[in-house]
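Given next are the chains, with one letter for each unit.
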Amino acid sequence: MFVRYIIAMTLAALAILFAIILGDYGPWYLSWFLGTGFMVLVAVSAGVLFEAQEDAAKAARRPGEPLDVSSAVDAPAPAQRPSR
């Protein structure tokens, strides 16, 4: 328990020291850090959406038909198997 207290106090002291060093630049670095994280989340979600569209296009195409990602938007939903 005491070791956790010492670790927490050390981290708090380091945070205060960084805040003193950064001074007026702290908000700029915070917004840069949050903005970078947000852009990474947007890029990842776009990649997931692209993969989902690509998988839907593969499922919707007929054998021998070339793969067209834009056909996934107009493709009918795949037939569901009846549950047992």
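Numbers given to residues run from 1 along each chain, matching the order in which its sequence is written. Note on the predicted model: pLDDT of at least 70 is required for a residue's local features to be given, and 80 or more for side-chain atom pairs to be given and counted; whole-chain, interface and lining totals, by contrast, use all residues. Only hydrogens and water are removed before side-chain values are computed, so all heavy atoms of the structure are retained for them.

### So, the overall build of the protein chain
- On a plain count of helices and strands, the protein chain comes out with three helices and zero strands.
- Only protein chains enter the accessibility calculation, which uses a 1.4 Å probe. A residue is then buried if its area is under 20% of the maximum for its type, exposed if over 50%, and partly exposed in between. For the protein chain, the proportion of its 84 residues judged to be buried stands at 4%.
- In this description, accessible areas are obtained by the Shrake-Rupley approach with a 1.4 Å probe, and a residue is regarded as covered only by the protein chains that are shown. By element, 70% of the accessible surface of the protein chain is carried by carbon and sulfur atoms, the whole surface being about 7800 Å². The secondary structure listing takes helices from DSSP runs of H or I that are at least 4 residues long and strands from runs of E that are at least 2 residues long, numbered from the N terminus.

### Some words on helix α1 (residues 2-22)
- Relative to the 30 Å expected for 21 residues at 1.5 Å per residue, α1 spans 30 Å between its end C-alpha atoms, a close match to the ideal helical length.
- Trailing α1 by a residue or two, G23 shows a phi angle of about 60°, which is positive. Expected helix span is given by 1.5 Å per residue-to-residue step, counting one fewer step than there are residues.

### Notes on the confidence of the model for the protein chain
- On average, residues of the protein chain score 80 in pLDDT, and 74% of them are at 70 or above.
- Confidence of the predictor at the level of single residues is given by pLDDT, which spans 0 to 100. Mean pLDDT across the elements of the protein chain ranges from a minimum in helix α3 (residues 71-74), with 56, to a maximum in α1, with 88.

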